[in-house]
Protein chains: 2
Amino acid sequence: MKKIIGILGGMGPAATVDAMDKIVKNTPANRDQQHIPVIAVSFPDIPDRTTSIVSGGESPLNQMLAALKILEAAGAQCIIMPCNTAHYWYDELKSSTKTNFLNMIDITCHKIISEGINNVAILATTGTIKAGLYQAKLEKENIHCVVPDDTQQHYIMESILAYKSGDEERAYRLIKSVIDQLNHAGVAKFIMGCTEIPVILRREDNRDRYIDATEELVKCAVEWCCLDLNCI
Amino acid sequence: MKKIIGILGGMGPAATVDAMDKIVKNTPANRDQQHIPVIAVSFPDIPDRTTSIVSGGESPLNQMLAALKILEAAGAQCIIMPCNTAHYWYDELKSSTKTNFLNMIDITCHKIISEGINNVAILATTGTIKAGLYQAKLEKENIHCVVPDDTQQHYIMESILAYKSGDEERAYRLIKSVIDQLNHAGVAKFIMGCTEIPVILRREDNRDRYIDATEELVKCAVEWCCLDLNCI
């Protein structure tokens, strides 16, 4: 059997489904038995990450640690956590386990840096933006990040919350208006830096415009499991 | 926290993703924390179910039991197995656990019987058809099942295998030709009795024509977890 990917998920549940779907689609396979084994722990009641970072709400760390222990006990060999904001607690999670635990933010930044992408806008939760998860890594490499202004950020967060509440149409409209604004202002590339965003923007044709953090994370995990390669 | 759904999956992996997606879509929720916790064990290297039933190939039972033990240890409280053919081993799996384990075939037949649906065609793997999983239960209730003839069944199985091999277009074409034939012969309702089939037929508009076994199973699990209801 190939190595087992463990998904520390539920943040949100649709993003976990999207990550699993991308594992299947990124695995070269002609039949079931060639696919990668996956154990997903999707616990959507993990406290809200943005609320914790921005307003000092309940920390999600203990519940993320509990999910991580379940994955370890079940035999996961490569952990992924398809939630950008949750990477605020990555170091604490990583230091609690001996299992390989991929870092979505590092992997996405690595792609941006290695491809020489510049002038890139960050589409993410207010928690991810306020914590500077992407800015810190990209600016160190002299990559200019465009951070949405407060009004734009409000619309992006509203879009993510609208999707989580089941209103796909409103979610799409809200984020699309910000993307169009930034695009008219000269931004050509966008980091899908919240795992709900590739789901909200599923209908978009212009895929080259986006760097999908979920897709980058999954590709790295698939390479590691299939080929024993470290992609970062 | 709501009760945890455990998915004994990987048969195939895309069908497991479809079941998880349907859990999210069938749960009334306005934010992450209102969704149902899910633990999915997607082990695609479980031996092929149809080969075991039809040609006496390696039994998948031991590996299914191992996956079930992982789900139990991880805390799953309601097990679902989104693979119709795997229900050939349902009684053995069920008798090995004290956890609530829903039966997809029973739930789907219950819907057909309770809604008075008759003259219904079974779209399923050759393993499910040869084992008579649907026929036995429906004919006992005097419901006329249309079983595809050998040529039609060959096309259906080829369609399922084409999808598993990554050829979505061929998969769609093959199964659609059989559905059209049966429809012209007077069949109005079709059981999607293999969990790959709702994925293969995702683009179909005419949803009323189909009874989707995955959807019925998931709705029942969601009711059980949210409302403490037994739907069958």
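In the annotation of an unreviewed UniProt entry, chain A is listed under the name Aspartate racemase and assigned to Xenorhabdus beddingii. In its Sequence similarities (unreviewed entry) section, UniProt records this for chain A: "Belongs to the aspartate/glutamate racemases family."

Here we come to helix α8 (residues 150–164) of chain B. Residues and elements named next belong to chain B. Its 15 residues place the ends of α8 21 Å apart at the C-alpha level, agreeing with the 21 Å of an ideal helix rising 1.5 Å per residue. Within the span of α8, buried status applies to Gln-152, Gln-153, Ile-156, Met-157, Ser-159, Ile-160, Ala-162, Tyr-163 and Lys-164. Check the buried side of α8 and you find it contacts α1 (13–25), α2 (49–55), β5 (120–123), α6 (126–131), α9 (168–184) and α10 (197–200). One side-chain oxygen of the residue at the start of α8 lies 3.1 Å from the amide nitrogen of Thr-151, identifying that residue as Asp-149. Of the residues flanking the end of α8, it is Gly-166, one or two places downstream, whose phi is positive at about 100°.

Right, let's get into the sheet that holds strand β6 (residues 145–146) of chain B. Residue and element names in this part refer to chain B. A sheet is described by the order of its strands in space; here 4 strands give the open sequence β6-β5-β7-β8, paired in parallel fashion. Edge positions in the sheet fall to β6 and β8 (210–212), since each has one partner strand and no second. Relative to β8, strand β7 (residues 189–192) runs parallel, the two sharing 3 bridges. Bridging from a neighbouring strand, Met-192 pairs with Asp-212 of β8.

This part covers the interface of chain B and chain A. At the interface, 37 residues of chain B touch 37 residues of chain A. Contact between chain B and chain A buries roughly 2,800 Å² in total, counting both sides, with carbon and sulfur atoms accounting for 61%. It is Val-17, Asp-32 and Gln-33 of chain B in chain B that bury the most area against chain A; as a group they hold 21% of the surface buried on that side. Close ionic contact of Asp-32 of chain B with Arg-49 of chain A constitutes a salt bridge, the shortest N to O distance being 3.0 Å. Linking chain B with chain A are 9 residue pairs in polar contact (both at pLDDT 80 or more), by the criterion used here. Mapped onto the side of chain B that touches chain A, the elements with two or more residues apiece are α1, β2 (38–42) and α3 (61–74) of chain B. Top contributing element to the side of chain B that touches chain A by residue count: α1 of chain B, with 7 residues. Of the residues that constitute the side of chain B that touches chain A, the class distribution is 21 nonpolar, 8 polar and 8 charged.

Moving on: unusual backbone geometry. Cis peptide bonds are those with omega within 30 degrees of zero, and the linkage from Met-11 of chain A to Gly-12 of chain A qualifies with -10°. Considering the arrangement of structural elements, one finds Gly-12 of chain A in the loop between β1 (5–9) and α1 (13–25). Phi is positive for Asn-142 of chain B, which is not a glycine, with a value near 60°. Looking at the secondary structure, you find Asn-142 of chain B in the loop between α7 (133–139) and β6.

Attention now moves to the relation of the copies chain B and chain A. Mapping chain B onto chain A calls for a rotation angle of 180° and an axial translation of 0.0 Å; the resulting RMSD is 0.0 Å. Taken together, the rotation and translation relating the two chain copies correspond to the operation of a two-fold axis. Nearest to the rotation axis, the C-alpha of Ala-40 of chain B is located 2.5 Å from it, this being the minimum over chain B. Most of the interface of chain B is mirrored in chain A, where 100% of its interface residues are also at the interface.

Turning our eyes to something else, we now look at the packing of α1 of chain B against helix α11 (residues 213–227) of chain B. Residue and element names in this part refer to chain B. The geometry of α1 relative to α11 is characterised by a closest axis approach of 9 Å and an angle of 45° between their N-to-C directions. The orientation of α1 with respect to α11, classified from their angle, is oblique. Considering the relative orientation of α1 and α11, their crossing is right-handed. Contacts between α1 and α11 involve Asp-18, Ala-19, Lys-22 and Ile-23 from the former and Thr-214, Glu-215, Val-218 and Val-222 from the latter.

Before going further, it helps to spend a moment on the sheet that holds strand β2 (residues 38–42) of chain A. Hydrogen bonds along the backbone pair up the strands of a sheet, which may run parallel or antiparallel. Reading across the sheet, the 8 strands line up as β4(A)-β3(A)-β1(A)-β2(A)-β2(B)-β1(B)-β3(B)-β4(B) and stay open at both edges, with mixed pairing between neighbours. The sheet is open, and its two borders are formed by β4 (100–101) of chain A together with β4 (100–101) of chain B, each paired with just one other strand. Looking at chain direction, strand β3 (residues 78–80) of chain A and β4 of chain A are connected through 2 bridges and run parallel. Among the inter-strand pairings, Cys-78 of chain A is bridged to a residue of β4 of chain A, identified as Asn-100 of chain A. The sheet contacts of helix α3 (residues 61–74) of chain A involve β1, β2, β3 and β4 of chain A, and relative to β1 of chain A the element is tilted by about 160°.

Let us now look at the pattern of salt bridges. Residue and element names in this part refer to chain A. Under the criterion given, the structure shown has 30 salt bridges over all chains. For Glu-169, the salt bridge goes to Arg-203, with nearest N and O atoms at 3.2 Å. Of this pair, Glu-169 sits in helix α9 (residues 168–184) while Arg-203 is found in the loop between α10 (197–200) and β8 (210–212), placing the two residues 34 residues apart along the sequence. Residue Asp-180 is joined to Lys-176 by a salt bridge in which the shortest nitrogen-to-oxygen separation is 3.4 Å. Taken together, the residues span about one helical turn, with Asp-180 and Lys-176 both in helix α9 at a distance of 4 residues.

Each value, and the rule that gives it
Residues numbered from 1 in each chain as written. Chains lettered and ligands numbered in written order. Predicted model: local features only at pLDDT ≥ 70, side-chain atom pairs only at ≥ 80, totals over all residues. Heavy atoms only, no water. UniProt positions renumbered as here; feature names shortened; annotations may be inferred. Helix = DSSP H or I, 4+ residues; strand = E, 2+ residues; numbered from the N terminus. Expected span 1.5 Å × (residues − 1). Buried < 20%, exposed > 50% of the residue type's maximum accessible area, 1.4 Å probe, protein only. Contact = heavy atoms within 4.5 Å. Polar contact = N/O pair within 3.5 Å; in protein donor to acceptor, adjacent residues only side chain to side chain. Pairing = 2+ DSSP bridges. Buried area = accessible area lost by both parts, 1.4 Å probe. Salt bridge = Lys/Arg side-chain N within 4 Å of Asp/Glu carboxyl O. Nonpolar A, V, L, I, M, F, W, Y, C, P; charged D, E, K, R; others polar. Least-squares fit on C-alpha atoms with pLDDT ≥ 70 in both. Axes fitted to C-alpha atoms, helices over the stretch in contact; angles between N-to-C directions. Parallel < 35°, antiparallel > 145°, perpendicular 65-115°, else oblique. Left-handed = near helix turned anticlockwise from the far one by under 90°.

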